[in-house]
Amino acid sequence: MKFSNRKYNIYGMNESQKMFQESLDFIRHFLAKGQQLGTIHPLPPDALIAIFYGALVQLFNTTRSGILEETDELIAGVEECCWNAIRVQ
């Protein structure tokens with residue numbers, strides 16, 4: 001099963017989609033550099049992105065819907081959990 005296709009045609013995208021893809025490319029580069037340094041888990045960068053991006057999307061949805069209250073403590077805790085999920089322990 002394939003979840004994403006990194007080969008994309010930027011000419012068929014609107015400006016928002018292009019910016020999102022450029023952001024993902026930056027994050028992939030950041031993660032690959034961290035992997036080279038031995039600080040980021042050696043999973044494929046897209047798998048690591050799914051781990052923390054999915055968490056952030058769900059956090060946004062639950063705070064926006066009122067299920068969770070957005071507090072500094074909550075954000076700090078989620079940030080710490082995301083780093084713990086992708087860094088080498």
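That block above? That's the structure.
Residues numbered from 1 in each chain as written. Predicted model: local features only at pLDDT ≥ 70, side-chain atom pairs only at ≥ 80, totals over all residues. Heavy atoms only, no water.

## Some remarks on the packing of aromatic side chains
The line we're drawing: A pair of Phe, Tyr and Trp rings is counted when the ring centres sit within 6.5 Å of each other, with Trp represented by its six-membered ring. The angle between the planes then sorts it: under 30 degrees is stacked, over 60 is edge-to-face, the rest tilted. By the criteria applied, helices consist of DSSP H or I runs no shorter than four residues and strands consist of E runs no shorter than two, each listed in order from the N terminus. Working definition: with a 1.4 Å probe on protein chains only, accessible area under 20% of the residue-type maximum means buried, over 50% means exposed, and in between means partly exposed.
Under the defined criterion, the tally for this structure stands at 2 aromatic pairs. Ring geometry for Phe20 versus Tyr53: centroids 5.8 Å apart, planes at 55°, classification tilted. On the criterion of sequence distance, the pair formed by Phe20 in helix α1 (residues 15-37) and Tyr53 in helix α2 (residues 45-64) is long-range, its members being 33 residues apart. The exposure class of Phe20 is partly exposed, given its relative accessible area of 35%. When the ring of Phe30 is compared with that of Trp83, the centres are 6.3 Å apart and the planes differ by 65°; the resulting orientation is edge-to-face. Taken together, the residues span a long stretch of sequence, with Phe30 in helix α1 and Trp83 in helix α3 (residues 72-86) at a distance of 53 residues. We classify Phe30 as partly exposed; its relative accessible area is 44%. Judged by relative accessible area, Trp83 falls into the partly exposed class, the value being 38%.

## Focus: the pattern of salt bridges
The following threshold applies: Basic side-chain nitrogens of Lys or Arg form a salt bridge, by our definition, when they fall within 4 Å of a carboxyl oxygen of Asp or Glu.
Taken as a whole and assessed by the stated rule, the structure comprises 2 salt bridges. Here Asp25 makes a salt bridge to Arg28, at a shortest N to O gap of 2.8 Å. Placement of both Asp25 and Arg28 in helix α1 is noted, with a separation of 3 residues, approximately one turn of the helix. Linking Asp46 and Arg28 is a salt bridge whose minimum nitrogen-to-oxygen distance equals 2.6 Å.

## Let's talk about the packing of α2 against α3
The following threshold applies: For helices, the fitted axis covers only the stretch in contact; all axes are lines through C-alpha atoms, and the angles between them, taken along N-to-C directions, range from 0 to 180 degrees. Each angle receives one of four descriptions, namely roughly parallel if under 35 degrees, roughly antiparallel if over 145, roughly perpendicular if within 65 to 115, and oblique otherwise. Each crossing is labelled by how the near helix is turned from the far one, with a counterclockwise turn of less than a right angle marking it left-handed and a clockwise turn marking it right-handed. For this analysis, residues touch if any pair of their heavy atoms sits within 4.5 Å. Residues are grouped as follows: Ala, Val, Leu, Ile, Met, Phe, Trp, Tyr, Cys and Pro are nonpolar; Asp, Glu, Lys and Arg are charged; all remaining types, including Gly, are polar.
Contact geometry of α2 with α3 gives a least axis separation of 9 Å together with a crossing angle of 160°. When the axis of α2 is compared with that of α3, the two are roughly antiparallel. Relative to α3, α2 is oriented so that their crossing is right-handed. Between α2 and α3, the contacting residues are Leu48, Ile51, Phe52, Ala55, Leu56, Leu59 and Thr63 on the first element and Leu74, Ile75, Val78, Cys82, Ala85 and Ile86 on the second. Of the residues assigned to the contact of α2 with α3, the class counts are 12 nonpolar, 1 polar and no charged.

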